[in-house]
Amino acid sequence: MIARRPPSVAHLLFDRVKATPDGVAYRFPASAGGHPEGSLGSESWAELTWEQTAQRVKTIASGLLALGIEPEARVAISSSTRIEWILADLGVMCAGGATTTVYPSTNNDETAFILTDSGSQVLFAENDLQLDKALAERDRLPGLGTVVLFDAPAELPTVNGVSVLTLAELEERGANWLADHPDAVDKAVDSLRPEQLATLIYTSGTTGRPKGVRLVHDCWSYQGVAQQDSGLLRADDVQFMWLPLSHVFGKTLISGQIATGHVMAVDGRVDRIIHNLPVIRPTLMASAPRIFEKVYNGIAGKARTAGGARYRLFLWAAGVARDYARTEQANEVSTGRPSTPLWLRFQHAIADRLVYAKIRDAFGGRMRGSASGSAALAPEIGFFFKGAGVPILEGYGLTETSAGSTINRDGRVRVGTVGLPLPGTEVRIAQDGEILLRGPGVMRGYHNLPDETAKVLESDGWFHTGDIGELDKDGYLRITDRKKDMFKTSGGKYVAPTEIENAFKALCPFAGNILVIGNHRNYCTALIGLDEAWIMPWAEQQGLVCRTYAEVVADPRTVQLIDGYVRQLNAGLQRWQTIKRFSLLPRDLSIECGELTPSLKIKRPVVEHEYADVIELMYVGTNEA
């Protein structure tokens, strides 16, 4: 247990300001706000020191106090990842309020549900699009009194019963309030208690309405200090933050950054990730597994397009990377020494000079690790990047545990596992294989849902995750599958679909999303979406020019291509796990169409319902039990 944590992240922030007031806290595109201090690449970037950060946070907190925000009053943020998101969140905390997070991609109905269920009184909205979305359901939001816009239109709209301000106007009000009440924010922070509500994060939910997870100040304070003590984050790090801060994974890293005091470069524009990496040159970046799969497929796709010797070189180097990392890990597990034979070290050195160094340069050249969470990472992808010198630090946690519960550490990466528990977190495996967690990061319950809380949270603090897993002899946790996603075939055999899906994505460089079907069926089938960025260039090489994506995936040559990868997959599976039939989807699954959560998890019931006819066709002519 970490006993030295302060009552809140607000306390951590002001302790940080005292320790390193002139240290750089944040870098962000100048177009996102602030004043350019220099230029990174072709785009000007701005900086905030810790002292400057604290001043802006104080004016925002004062502005909220001037609006009448009281302890635990909910203040929502609906915005993509940007510096204003962080400043607003810290301002809410320092005012004593509680942040409600809303994904900017959330639809009108669900946005209204979250704002209503949480009882949010103020909304920070990124732009008029988010404002319009919230106000489209105005009749359902009687408690919403103020909207603060990060990006204001030329003319602020007038809305009956709702005051619309710009962030600059809120800060101006805050500065005036602070002049008249100079110790108001200090008093608000001093009054914060560890068990006071700090955040309501609504689960992105693969089924049903999202549930509001009640995370108190102690959850975030614990996360900050635990990430620091575990060595996950270091004072000299430069972290690239592009993850959605509405998600618990992104938000928890803010706590760790404040605890360690390292630099964070903030830019949530996904289309700028590749451009930003060599500019920011991060030492650490967090991401979801799908991003690493896309990066790997991108590297493989470029080599394939080049053809000939270059493609053969890549395939050889990829094999060496996996063999090197797998051998090193196996020896470390069995003997305690991560050794490899001389011949493999020689091959690895050649591959490093010819291939891996270029991959590391694409990541900025300084990446010591890239944290991965929110879904399972295919081991073959993990071994590749570890062997190439960009280790993926796979971790595990849920919204209900304020994200971080276990994670692989730099220099102690065990691919195929989600690492060791953070200091102060306990892990236990129940008799049925379910993972149970206990520690300061665990939620205090679901908002307004005592019966749902009782189902997962025991009186002694153990939280039932709904995931199946196992602990190895050294305490590393391995996730097998979601308890609710595992199914039994009509022959009585259990199948863990995620394991099969990840194996396929590691084999097939054209794979997008895949959903394995088979519950109470006599064999398994799969719905497969392809990555348009890589299947279309392949299609052109096959003479399928001027074709749409849907036409390409319907072509027999594409079906034959994917069938080859399915056969490779099946060769490594038990008989009852093998994919007997598959269907290529006319488009890959997406957040916009409601098939993926914002953290890129598949909403299985939604997809199965949407493609019910396609699924049934894969079982036509069979005698199902």
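The structure displayed is predicted, hence computed values, not measured ones. (Residues numbered from 1 in each chain as written. Predicted model: local features only at pLDDT ≥ 70, side-chain atom pairs only at ≥ 80, totals over all residues. Heavy atoms only, no water.)

## Some points on the overall build of the protein chain
Then step 1. Helices and strands together make up the secondary structure of the protein chain, namely 21 helices and 26 strands.
Then step 2. Over its C-alpha atoms the protein chain spans a radius of gyration of 25 Å, differing by no more than 12% from the 25 Å that the globule rule assigns to 625 residues.
Then step 3. With 625 residues in all, the protein chain has 57% of them scored as buried.
Then step 4. The contacts in the protein chain between residues at least 6 apart in sequence include a share of 67% that link residues at least 24 apart.
Then step 5. With the model as given, the accessible surface of the protein chain reaches about 25,200 Å², and the carbon-plus-sulfur share is 52%.
Then step 6. If you average the places of the 65 positive and of the 73 negative side-chain charges in the protein chain, the two averages end up 7 Å apart. (Helix = DSSP H or I, 4+ residues; strand = E, 2+ residues; numbered from the N terminus. Rg over C-alpha atoms; globule rule 2.2 N^0.38 Å. Buried < 20%, exposed > 50% of the residue type's maximum accessible area, 1.4 Å probe, protein only. Contact = heavy atoms within 4.5 Å. Areas by Shrake-Rupley, 256 points an atom, 1.4 Å probe, with all protein chains shown as cover. Lys, Arg positive; Asp, Glu negative; His and termini not counted. Charge placed at Lys NZ, Arg CZ, Asp CG, Glu CD.)

## Side note on the packing of helix α11 (residues 289–306) against helix α12 (residues 308–335)
Then step 1. Where α11 meets α12, the closest approach of the two axes is 6 Å, and the angle between their N-to-C directions is 145 degrees. For the pair formed by α11 and α12, the contact residues are Y296, I299, A300, A303, R304 and A306 on the first element and G308, R310, Y311, F314, A318 and R322 on the second.
Then step 2. For the contact of α11 with α12, a count of residues per class yields eight nonpolar, one polar and three charged. (Axes fitted to C-alpha atoms, helices over the stretch in contact; angles between N-to-C directions. Nonpolar A, V, L, I, M, F, W, Y, C, P; charged D, E, K, R; others polar.)

## With respect to the sheet that holds strand β7 (residues 146–149)
Then step 1. The seven strands lie next to each other as β8-β7-β6-β4-β5-β9-β10, forming an open sheet whose pairing is mixed. Edge positions in the open sheet fall to β8 (163–166) and β10 (212–216), since each of these has one partner strand only. Within this sheet the neighbouring strands show an average axis-to-axis angle of 20 degrees, counted without direction.
Then step 2. Pairing analysis gives five bridges linking strand β4 (residues 74–78) to strand β5 (residues 98–102), with the strands arranged parallel. Bridge assignment links I77 to a residue of β5, and that residue is T101.
Then step 3. In this fold helix α4 (residues 108–118) packs onto β4, β5, β6 (122–125) and β9 (197–202), with an angle of close to 165 degrees to the strand it touches most, β5. (Pairing = 2+ DSSP bridges.)

## Some thoughts on the nonpolar core
As a rule of thumb, nonpolar side chains are buried together in soluble globular proteins.
Then step 1. Grouped together as the largest cluster of nonpolar side chains are 129 residues, with contacts concentrated most on Y26, C94, F124, I258 and F385.
Then step 2. With 10 residues, helix α3 (residues 83–95) is the largest single contributor of residues to this core.
Then step 3. In this structure, F487, A511, A526 and Y565 belong to the second largest nonpolar core, which totals 31 residues. (Core = buried A, V, L, I, M, F, W, Y, C linked by side-chain atoms within 4.5 Å.)

## A few points about the sheet that holds strand β20 (residues 463–471)
Then step 1. Spatially, the four strands line up as an open sheet ordered β18-β19-β20-β21, and their pairing is antiparallel. Each edge of the sheet is formed by a strand with only one pairing partner; in this case those strands are β18 (426–429) and β21 (477–482). The mean angle between the axes of side-by-side strands here comes to 50 degrees, regardless of whether they run parallel or antiparallel.
Then step 2. Two elements, β18 and strand β19 (residues 434–438), share four bridges in a ladder whose sense is antiparallel. Across the sheet, E426 pairs through a bridge with R438, a residue of β19.

## Considerations on the pattern of salt bridges
Then step 1. Across all of its chains, the model carries 37 salt bridges by this definition.
Then step 2. In this structure, the salt-bridge partner of E470 is R478, at a minimum N-O distance of 3.5 Å.
Then step 3. Judged by its relative accessible area of 42%, E470 falls in the partly exposed class.
Then step 4. Here R547 makes a salt bridge to D555, at a shortest N to O gap of 3.9 Å.
Then step 5. We classify R547 as partly exposed; its relative accessible area is 35%.
Then step 6. On the basis of relative accessible area, D555 is assigned to the buried category, the value being 10%. (Salt bridge = Lys/Arg side-chain N within 4 Å of Asp/Glu carboxyl O.)

## Some remarks on the packing of aromatic side chains
Then step 1. Scanning the entire structure with this criterion turns up 12 aromatic pairs.
Then step 2. Ring geometry for F113 versus Y202: centroids 6.4 Å apart, planes at 85 degrees, classification edge-to-face. Of this pair, F113 sits in helix α4 while Y202 sits in strand β9, placing them 89 residues apart in sequence.
Then step 3. Lying over the aromatic face of Y476, R414 brings its terminal NZ or CZ to 4.1 Å of the ring centre. (Phe/Tyr/Trp six-rings, centres within 6.5 Å; stacked < 30°, edge-to-face > 60°. Lys NZ or Arg CZ within 6 Å of the ring centre and 35° of its normal.)

## Focus on helix α14 (residues 379–387)
Then step 1. Most of α14 sits out of view: seven of its nine residues are buried.
Then step 2. Within the sequence span of α14, burial applies to I381, G382, F383, F384, F385, K386 and G387.
Then step 3. Buried positions along α14 lie against α11, α12, α13 (342–362), β15 (392–398) and α16 (497–507).
Then step 4. Of the residues flanking the end of α14, it is G389, one or two places downstream, whose phi is positive at about 90 degrees.

## A closer look at the side chain of T558
Then step 1. Inspection of the secondary structure puts T558 in helix α19 (residues 556–571).
Then step 2. Take T558: its relative accessible area is 0%, and that puts it in the buried class.
Then step 3. Beyond its immediate stretch of four places on either side in the chain, T558 contacts L530, I535, W538, L544, V552, V553 and L584.

## Focus: unusual backbone geometry
Then step 1. In this model, E72 sits at a positive phi of 70 degrees, which is unusual for a non-glycine residue.
Then step 2. Within the secondary structure layout, E72 lies in the loop between α2 (50–66) and β4.
Then step 3. Positive phi, close to 50 degrees, is recorded for S402, a residue that is not glycine.
Then step 4. Classification of S402 by relative accessible area gives buried; the value is 0%.

## A word on helix α5 (residues 128–135)
Then step 1. Turning to α5, its buried residues number three or more, namely Q130, L131, K133, A134 and L135.
Then step 2. Close packing links the buried residues of α5 with β4, α4, β6, β7 and β8.
Then step 3. Put simply, N127 is the residue that caps the front of α5, since its side-chain oxygen is 3.2 Å from the backbone nitrogen of L129. (Polar contact = N/O pair within 3.5 Å; in protein donor to acceptor, adjacent residues only side chain to side chain.)

## Topic: the confidence of the model for the protein chain
Then step 1. Here the protein chain shows a mean pLDDT of 90. Residues at 70 or above account for 96%.
Then step 2. When mean pLDDT is taken per element in the protein chain, α3 scores highest with 98 and strand β2 (residues 36–40) scores lowest with 44.
Then step 3. Confidence drops under a pLDDT of 50 for residues 33–39, and excluding neighbours within four residues, the segment shows 16 contacts in the predicted structure. (pLDDT = per-residue confidence, 0-100.)

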